[in-house]
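Topology and contacts: notes
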Amino acid sequence: VIVLGLLVRVPLGLWSFWERRVDRFGFRPPRLSRPVVRLAHTLTPAVARRLWRIEGMEFDPDGLEALRALKGQRVVLCPNHPTGLDPLVLFRLSSLLGEDFNYLACQEGFANPLKGWLMQRVGCYSIIRGTADRDSFRMSRELLAAGERWVVMFPEGEACGQNDIVMPFQEGIAQMAFWALEDLAKKGESPRTDAVRPRPAAGRHCHSWTVGYEILE
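Attention in this report is confined to the structure presented alongside it. (Residues numbered from 1 in each chain as written. Predicted model: local features only at pLDDT ≥ 70, side-chain atom pairs only at ≥ 80, totals over all residues. Heavy atoms only, no water.)

Side note on the packing of helix 2 (residues 34-52) against helix 4 (residues 86-97)
For clarity, the cut-off: In this description, a line fitted to the C-alpha atoms serves as the axis of each element, helices being fitted only across the stretch in contact, and the angle between N-to-C directions of two axes falls anywhere from 0 to 180 degrees. Secondary structure elements are taken from DSSP: a helix is a run of H or I of four residues or more, a strand is a run of E of two residues or more, and numbering for both begins at the N terminus. Each angle is binned into one of four classes, with values under 35 degrees roughly parallel, values over 145 roughly antiparallel, values of 65 to 115 roughly perpendicular, and all other values oblique. Take the far helix as the reference: if the near one is turned anticlockwise from it by less than a right angle, the crossing is left-handed, and if turned clockwise, right-handed. Should any heavy atoms of two residues lie within 4.5 Å, those residues are considered in contact.
Running from N to C, helix 2 and helix 4 point in directions that differ by 140°, and their axes come no closer than 10 Å. Viewed along their axes, helix 2 and helix 4 adopt a mutual orientation that is oblique. Classified by chirality, the crossing of helix 4 by helix 2 is left-handed. For the pair helix 2 and helix 4, the contacting residues are Val-37, Ala-40, His-41, Thr-44, Pro-45, Ala-48 and Trp-52 in the first and Leu-88, Phe-91, Arg-92, Ser-94 and Ser-95 in the second.

A word on the nonpolar core
Across soluble globular proteins, nonpolar side chains have a tendency to be buried as a group. Short version of the rule: Note on terminology: a nonpolar core comprises buried Ala, Val, Leu, Ile, Met, Phe, Trp, Tyr and Cys residues joined through side-chain atoms within 4.5 Å. Exposure is judged per residue with a 1.4 Å probe applied to protein chains only, and the accessible area is read against the type maximum: over 50% gives exposed, under 20% gives buried, and values in between give partly exposed.
Formed by 22 residues in total, the largest nonpolar core has its most connected members in Leu-93 and Phe-101. At the level of secondary structure, the elements contributing two or more residues to this core comprise helix 2, helix 3 (61-68), strand 1 (74-79), helix 4, strand 2 (101-106) and strand 4 (150-152). Top contributing element to this core by residue count: helix 4, with four residues. Apart from residues no more than four positions distant in its own chain, Leu-93 is found in contact with Phe-59, Leu-64, Leu-67, Leu-77 and Phe-101.

Considering the pairing of strand 2
Counted only if it meets this: For two strands to be treated as a pair, DSSP must find no fewer than two bridges joining them. Crossover handedness is defined here as right-handed if the route from the first strand over the helix to the second strand goes clockwise, with the strands pointing away from the viewer.
In terms of burial, strand 2 is a largely internal element, five of the six residues being buried. The pairing of strand 2 with strand 4 spans three bridges and is parallel. Within strand 4, the residue paired with Asn-102 across the bridge is Val-151. In this sheet, strand 3 (residues 124-127) lies alongside strand 2 in parallel orientation, the contact comprising four bridges. Note on strand 3: the bridge partner recorded for Leu-104 is Tyr-125. At this point the chain moves from strand 2, through helix 5 (residues 113-121), to the parallel strand 3, and the crossover so formed is right-handed.

Looking at the pattern of salt bridges
Stated precisely, the cut-off is as follows: The salt bridge criterion pairs a side-chain nitrogen of Lys or Arg with a carboxyl oxygen of Asp or Glu, the two atoms within 4 Å.
According to the stated counting rule, one finds seven salt bridges in the structure shown. A salt bridge links Arg-129 to Glu-108, with the shortest nitrogen-to-oxygen separation between them at 2.3 Å. With a gap of 21 residues between them, Arg-129 in the loop between strand 3 and helix 6 (134-146) and Glu-108 in the loop between strand 2 and helix 5 connect regions that are remote in the sequence. For Arg-129, a relative accessible area of 39% translates into the label partly exposed. Judged by its relative accessible area of 46%, Glu-108 falls in the partly exposed class.

Okay, structure coming up:
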């Protein structure tokens, strides 16, 4: 009984301590760790299948080649956002392209300490939606100006729940690209207007099973 009690109390105590140490409402910068990224790339297909019943992810070959042609350039990847599982697809895309991405993610996604830790290690950073989040804007400018990794931003700002409907885009993404150009100019560079390349991406989610029961539920 004592041993069982310790097995329960110790993890709960560590969890409580971790939660107190983490500022859930503070800015969460990316802390990309390549060993974590490589492990996550390996596990993503199996985890996606086990937890979310994602049987596979298919990518248009021509689209992949078009993206590969942008290797080494500053890119803002702007996908549509039909479901909350879209980040998994973009993470899989980064694996296929052999590129590390940074991902702009909503602040509430980091609330769980373990999930937040993992998100930061695969390149995510936070933004408080609907506000002038100066820390997040500054980080976006720095990442785009540095050009070391592509930056993924969902221009709709939230999942819309529809494959073929796109909600109005948030204005901030285009603005951050212009700010990055300004930062490059301040560093003495003479950036062309295409030095930061926004690239749209479209995804569709399809069910391979009958969803009548889920609809009734």
